[in-house]
Amino acid sequence: MSTSKIPSECPMHEKTAQRFQSEISYNDTSKETSCGVSLSPDNLMPQLSQEPVPGQQIPLPTNRIISSIPKSKGSEYWEYPSPQQFYSALVRKGWETPEESIEMMVSIHNFLNDKAWNEILKWEKMKKCNCDGPKLLRFRGRPQEPSPKARMLQWASKLFPSIGTPPPFDRHDWTIDRCGREVRYVIDYYSAPDEGENPVFYLDVRPALDSFDSVVDRIKVATKETFAQLRERAKAARQGTGDDRS
């Protein structure tokens, strides 16, 4: 699980993290449903207008930031939603959010998703593929469907409150294209206590247990992390007794 502290230069030092993770479209490819609503085939979410919503008081930027995440199709990169699209998504969901906070929320959203992709790349370094690297094929927000791991952690919290953690405030499933093979990753987003004025988040990024290959990868990484923790504890114990031989 990686820690993501928002850089101090970013204008996002407010307690609004639990409200900004919104399932909205990142690109402009769409299809029509039987209800006449335009959906993105990559995340099954309605396309959002760049026009102000009824009752909106503050004009919001409509520019979209290019992410660091490559698309599976073509040589393009995924685009993040504009502040206007982000606000439209929140209004559509019925969330009352101060308009003046939207740009800050979009910045956090973009920062965390770039961080999530970097964590996926760490897993993918374990693979040797004869292509130009993994690419994001599609994604889906599932905030109302806790992952099996998140549920297990919550059960453990009830049995052992001292090691308990708050539930994640969001979950995403990202499917990547690994040289023609689809691989699903699960991402749980956790809030952590602020460090001064800086919001802190934990991202638990790992391949879903959809294949034997992913199970093996999870075991390898868990074993490596466990031994690293044991080495650190042993080193700390030696230092505490004045017998540091490192």
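The rules behind each value
- Residues numbered from 1 in each chain as written.
- Predicted model: local features only at pLDDT ≥ 70, side-chain atom pairs only at ≥ 80, totals over all residues.
- Heavy atoms only, no water.
- UniProt positions renumbered as here; feature names shortened; annotations may be inferred.
- Patch = residues over 30% accessible without salt bridge, like charges linked within 9 Å, V, L, I, M, F, W, Y side chains within 5 Å.
- Areas by Shrake-Rupley, 256 points an atom, 1.4 Å probe, with all protein chains shown as cover.
- Salt bridge = Lys/Arg side-chain N within 4 Å of Asp/Glu carboxyl O.
- Helix = DSSP H or I, 4+ residues; strand = E, 2+ residues; numbered from the N terminus.
- Buried < 20%, exposed > 50% of the residue type's maximum accessible area, 1.4 Å probe, protein only.
- Core = buried A, V, L, I, M, F, W, Y, C linked by side-chain atoms within 4.5 Å.
- Contact = heavy atoms within 4.5 Å.
- Polar contact = N/O pair within 3.5 Å; in protein donor to acceptor, adjacent residues only side chain to side chain.
- Pairing = 2+ DSSP bridges.
- pLDDT = per-residue confidence, 0-100.
- Phe/Tyr/Trp six-rings, centres within 6.5 Å; stacked < 30°, edge-to-face > 60°.

Going by the annotation in an unreviewed UniProt entry, the name recorded for the chain is Holocytochrome c-type synthase, with Funneliformis mosseae given as the source organism. Quoted verbatim from the Function (unreviewed entry) field of the UniProt record, the comment on the chain reads "Lyase that catalyzes the covalent linking of the heme group to the cytochrome C apoprotein to produce the mature functional cytochrome."

Would you explain a nonpolar patch on the surface in this entry?
On the surface, Leu159, Phe160 and Ile163 cluster together into a nonpolar patch covering about 360 Å² of accessible area. By the secondary structure assignment, leucine 159 is in helix H3 (residues 148-159). On the basis of relative accessible area, leucine 159 is assigned to the exposed category, the value being 65%.

What exactly am I supposed to notice about the nonpolar core here?
Generally speaking, nonpolar side chains in soluble globular proteins are found buried as a group. Ile102, Leu136, Trp174 and Tyr189 are the most contacted members of the largest nonpolar core, which has 31 residues in total. Excluding residues within four positions of it along the chain, isoleucine 102 makes contact with Leu60, Pro83, Phe86, Tyr87, Leu90 and Thr97.

Any chance you could explain the side chain of aspartate 173 here in plain terms?
As for its position among the elements, aspartate 173 is in strand S7 (residues 170-178). Side chain to side chain, aspartate 173 and arginine 184 meet in a polar contact 2.8 Å long.

Can you walk me through the pairing of strand S8 (residues 181-195) in this structure?
Side chains on a regular strand alternate between the two faces of the sheet. When S7 meets S8, the two strands line up antiparallel, connected through 9 bridges. By the bridge assignment for S8, isoleucine 176 is matched with valine 183. Where S7 folds back on S8, the antiparallel hairpin that results is connected by 2 residues, among which cysteine 179 adopts a positive phi of roughly 55 degrees. Note: S8 against strand S9 (residues 198-207), 9 bridges, orientation antiparallel. By the bridge assignment, isoleucine 187 is partnered in S9 with valine 205. Where S8 hands over to S9, the hairpin turn is made up of 2 residues, of which glycine 196 adopts a positive phi near 70 degrees.

Hey, could you run me through the environment of tryptophan 117 in this one?
Here tryptophan 117 is to be found in helix H2 (residues 102-124). For tryptophan 117, a relative accessible area of 2% translates into the label buried. It is 9.7 Å that separates the C-alpha atoms of tryptophan 117 and proline 70, two residues lying 47 residues apart in sequence. Setting aside residues up to four positions removed in sequence, tryptophan 117 forms contacts with Ser68, Ile69, Pro70, Pro134, Lys135, Leu136, Trp174 and Ile176.

Would you explain the environment of leucine 136 in this entry?
Relative to the assigned elements, leucine 136 resides in strand S6 (residues 135-141). Residue leucine 136 is classed as buried on the basis of its relative accessible area of 2%. Separated by 38 residues in sequence, leucine 136 and tryptophan 174 have C-alpha atoms that sit 7.1 Å apart. When near neighbours in sequence (up to four residues on either side) are disregarded, leucine 136 contacts Ile69, Pro70, Lys71, Ser72, Trp78, Trp117, Trp174, Thr175 and Ile176.

Would you mind showing me how to read the pattern of salt bridges here?
Inspection of the entire model under this criterion finds 19 salt bridges. Lysine 127 is the partner of aspartate 213 in a salt bridge, and the nearest nitrogen-oxygen pair spans 2.9 Å. Note that aspartate 213 is positioned in helix H4 (residues 212-241) and lysine 127 in the loop between H2 and S6, a separation of 86 residues in sequence. By relative accessible area, which is 18% here, lysine 127 ends up buried. Residues arginine 142 and aspartate 173 are paired through a salt bridge, measuring 2.6 Å at the closest nitrogen-oxygen approach. Note that arginine 142 is positioned in the loop between S6 and H3 and aspartate 173 in strand S7, a separation of 31 residues in sequence. Judged on exposure class, the residue arginine 142 and its partner aspartate 173 are both buried.

Even after reading the chapter, I still don't get the confidence of the model for the chain, so can you show me in this structure?
Close reading of the predicted structure is inappropriate where its pLDDT is low. When the pLDDT values of the chain are averaged, the result is 81; 79% of them are 70 or greater. Per-element confidence in the chain ranges from a low mean pLDDT of 40 for strand S2 (residues 31-32) to a high of 95 for S7. Every residue in residues 6-37 is under pLDDT 50, and counting partners more than four places away or in other chains gives 107 contacts.

So what exactly am I meant to see when it comes to the packing of aromatic side chains here?
The relative placement of two aromatic rings is captured by the distance of their centres and the angle of their planes. Within this structure, the stated rule accounts for 3 aromatic pairs. With a centroid separation of 5.4 Å and an interplanar angle of 70 degrees, the aromatic rings of tryptophan 78 and phenylalanine 139 are classed as edge-to-face. With tryptophan 78 in strand S5 (residues 77-79) and phenylalanine 139 in strand S6, the pair connects residues that are 61 residues apart, well separated along the chain. Taking relative accessible area as the criterion, tryptophan 78 reaches 2% and is therefore assigned buried.

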